[in-house]
Amino acid sequence: MFQDSPIYDRLIVECGDVPAQVRREAERVSRELESVMRPLRSPGYGSGLDRPQQAPGNGWQRAALLPGPRPH
């Protein structure tokens, strides 16, 4: 990527190859996330049979504004 770049070469000597380290860590996290998320993607999940049903009205509801001046 950075052929013939003495500044970049010196930074790697002094600090290590940070882009390569970040890439490896991102790949590791991606693999770990994939293994954690895999059960959620299995067939049959999300059919509603494995979760309790909510009664109507238990979700988020918008509250009415009180009369009077509104804060800005």
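Preceding this section is the structure that the text describes.
Just so it is clear, the model here is predicted, and its values are computed rather than measured.

Q: Looking at this structure, I do not really get the pattern of salt bridges. What am I missing?
A: If charged atoms from side chains of opposite charge come close, those side chains can pair. All chains considered together, the criterion is met by 3 salt bridges. Where Arg28 meets Glu25, a salt bridge forms, and the shortest distance between an N and an O atom there is 2.5 Å. Of this pair, Arg28 and Glu25 both sit in helix H2 (residues 18-37), separated by 3 residues, roughly a single helical turn. Looking at Arg28, the relative accessible area reads 35%, which means it is partly exposed. Salt-bridge contacts for Glu32 lead to Arg28; the nearest nitrogen and oxygen are separated by 2.9 Å. Separated by 4 residues within a single helix, Glu32 and Arg28 lie in helix H2, roughly one turn from each other. Beyond isolated ion pairs, a larger network of salt bridges with shared partners links Glu25, Arg28 and Glu32.

Q: Where do I start with a nonpolar patch on the surface in this structure?
A: On the surface, Leu33, Val36 and Met37 cluster together into a nonpolar patch covering about 260 Å² of accessible area. Along the polypeptide, Val36 turns up in helix H2.

What counts as what
- Residues numbered from 1 in each chain as written.
- Predicted model: local features only at pLDDT ≥ 70, side-chain atom pairs only at ≥ 80, totals over all residues.
- Heavy atoms only, no water.
- Salt bridge = Lys/Arg side-chain N within 4 Å of Asp/Glu carboxyl O.
- Helix = DSSP H or I, 4+ residues; strand = E, 2+ residues; numbered from the N terminus.
- Buried < 20%, exposed > 50% of the residue type's maximum accessible area, 1.4 Å probe, protein only.
- Patch = residues over 30% accessible without salt bridge, like charges linked within 9 Å, V, L, I, M, F, W, Y side chains within 5 Å.
- Areas by Shrake-Rupley, 256 points an atom, 1.4 Å probe, with all protein chains shown as cover.

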